[in-house]
Amino acid sequence: MTGFSKQWPLWEVFIRGQHGLSHRHVGSLHAVDAESAMKNARDVYTRRNEGVSIWVVEAAQITASSPSDKGPLYEPSESKVYRHPTFFEIPEEVGAM
Amino acid sequence: MSHALFETLLRLGDNTLILGHRVGEWCGIAPVLEEDIALANMALDLIGQTQMWLALAAEIEGKGRSADDLAMLRDAWDFRNVLLVEQPNGDFGQTLMRQFLFDQFHLLQLQALTDSSDQRIAAIAAKAVKEVTYHLERSSDTVIALGDGTSESNSRMQTALNKLWPYAGEMFVTDPIDLESVEAGIIPDPSTLRDAYMDAAEKVFKLAHLAPPEGNFAHSGGKTGFRHSEHLGHLLTQMQWMQRAYPGAQW
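These figures come from a predicted structure and were not determined experimentally.

Participant: Tell me about the overall build of chain A, residues and numbers included.
Facilitator: Check the secondary structure of chain A and you find 2 helices and 3 strands. Since a compact globule built from 97 residues should have a radius of gyration of about 13 Å, the 21 Å found for chain A marks it as more spread out than a globular shape. In terms of overall dimensions, chain A has a C-alpha envelope of 65 × 35 × 15 Å along the principal axes. Looking at chain A as a whole, 24% of its 97 residues are labelled buried.

Spelled out as structure tokens, the structure:
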């Protein structure tokens, strides 16, 4: 057996809570494969009854935005207040939205 | 009180107590953080099961002893756990091999106990069976992964199997105390669990490229209390030290 890295790959863990609608990122862990990552996630992140569903994703498979692109990516939306739905009168009958 | 029922409950509770303590010895020193937490979880599951078994044992005994008294104030010859669970941890592979050998038996035993004629025992078994299903999944997968890993990990797992296999047989020996409980419909006859155990173990060993040693020799003396191995006394000195030095101490 050659080509084994000493370190197991990193996995990101997402858990859907008892009442949550979507999975939330809760942390990361190391595991040799997806199945053992799932077991480790169960042991590390659901000990206190936190969740009803677990997703694990190998961290290397995640494409993340780069902090240095912050300007072009996000700043243009800062000055576009009209994209927020705050310019409408909401009839009282509608109640809380 | 029924002597056989009390002994039967001690056998159940002492298996989980001693194995729980052994597994707990890894806390903080396991090879990786994820395994460390997984082992601690499993140890806590086993101690939780112990509380239920020994509380019921104490109630059946009716001498005013508690589960804590039974766990912390008995000496080695009063313990009724099988010899397998008191064997030292060894390396990580040996710990997981011991775990697999016990988990496979434990699951079959608990599945049968959910049909116990004693409702209290059936209820404890129904709760424990879910935990132990996961224990077995984890230990069998790890035995396979290490057995089918590198030549180093394979040889360590084979060494562990050679060492521990002679302790597996004791789990399937039926003695007069078992028979009394079997006849009352309280527990399954341990010897009837053997075939399913061997089938399941064989599948795992095949995938793990491991082979149990030849021969049917089985150590005995744990569950009857006749002769524990030297390791139990050492384990008890650690586990019971606090209660012995400071009787009644609480936190």
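Participant: Give a detailed account of the layout of surface pockets, specifying residues and quantitative values.
Facilitator: If you roll a probe as big as a water molecule over the atoms, it shows you where there is empty space left. As a volume, the largest pocket reaches approximately 1,300 Å³. Lining of the largest pocket is provided by 34 residues; of these, A:Trp8, A:Val32, B:Ala145, B:Leu146 and B:Ser153 occupy positions nearest its centre. Counting residues per element, the lining of the largest pocket draws most heavily on helix H6 (residues 119-147) of chain B, which supplies 5 residues. Residue classes in the lining of the largest pocket are distributed as 12 nonpolar, 10 polar and 12 charged. The volume enclosed by the second largest pocket comes to roughly 910 Å³. Around the second largest pocket sit 22 residues that line it, and B:Asp68, B:Met72, B:Met239, B:Gln243 and B:Trp251 are the ones nearest its centre.

Participant: Explain the packing of H6(B) against helix H7 (residues 151-164) of chain B to me, and be specific about the residues and the numbers.
Facilitator: Residues and elements named next belong to chain B. It is the contact of H6 with H7, at a shortest axis distance of 7 Å, that shows an interaxial angle of 125°. Here H6 lies oblique to H7, going by the angle between them. Within the contact between the two elements, H6 uses Val 143, Leu 146 and Gly 147 and H7 uses Ser 153, Asn 154 and Met 157. Tallied by class, residues from the contact of H6 with H7 come to 3 nonpolar, 3 polar and no charged.

Participant: Can you lay out empty space enclosed by the protein for me, pointing to particular residues and giving the numbers?
Facilitator: Residues and elements named next belong to chain B. Counted under the stated rule, the structure contains 4 cavities of 30 Å³ or more. In this model, the largest cavity occupies a volume close to 190 Å³. Contributing elements (two or more residues each) for the lining of the largest cavity: helix H1 (3-24) and helix H5 (92-113). The biggest single contributor to the lining of the largest cavity is H1, with 4 residues. Residues that form the lining of the largest cavity fall into these classes: 9 nonpolar, 3 polar and 4 charged. Where the lining of the second largest cavity is concerned, the elements lending two or more residues are helix H2 (33-61) and H6. Considered class by class, the residues forming the lining of the second largest cavity number 4 nonpolar, 3 polar and 2 charged.

Participant: Would you mind going over the sheet that holds strand E3 (residues 51-58) of chain A in detail, with residue names and values included?
Facilitator: Residues and elements named next belong to chain A. The strand order E2-E1-E3 describes an open sheet built from 3 strands, whose pairing is antiparallel. Looking at which strands have only one partner, the edges of the open sheet turn out to be strand E2 (24-30) and E3. Ignoring strand direction, the axes of neighbouring strands in this sheet form an average angle of 30°. The pairing of strand E1 (residues 10-17) with E3 spans 7 bridges and is antiparallel. Its bridge partner being in E3, Val 13 is matched across the sheet by Val 56.

What counts, and where the lines are drawn
Residues numbered from 1 in each chain as written. Chains lettered and ligands numbered in written order. Predicted model: local features only at pLDDT ≥ 70, side-chain atom pairs only at ≥ 80, totals over all residues. Heavy atoms only, no water. Helix = DSSP H or I, 4+ residues; strand = E, 2+ residues; numbered from the N terminus. Rg over C-alpha atoms; globule rule 2.2 N^0.38 Å. Buried < 20%, exposed > 50% of the residue type's maximum accessible area, 1.4 Å probe, protein only. 1 Å grid on protein atoms, 1.4 Å probe; cavity = no way out; pocket = protein on both sides within 12 Å on 5 of 7 lines; lining within 4 Å. Points joined across faces, edges and corners; volume = space filled by probe spheres on them. Nonpolar A, V, L, I, M, F, W, Y, C, P; charged D, E, K, R; others polar. Axes fitted to C-alpha atoms, helices over the stretch in contact; angles between N-to-C directions. Parallel < 35°, antiparallel > 145°, perpendicular 65-115°, else oblique. Contact = heavy atoms within 4.5 Å. Pairing = 2+ DSSP bridges.

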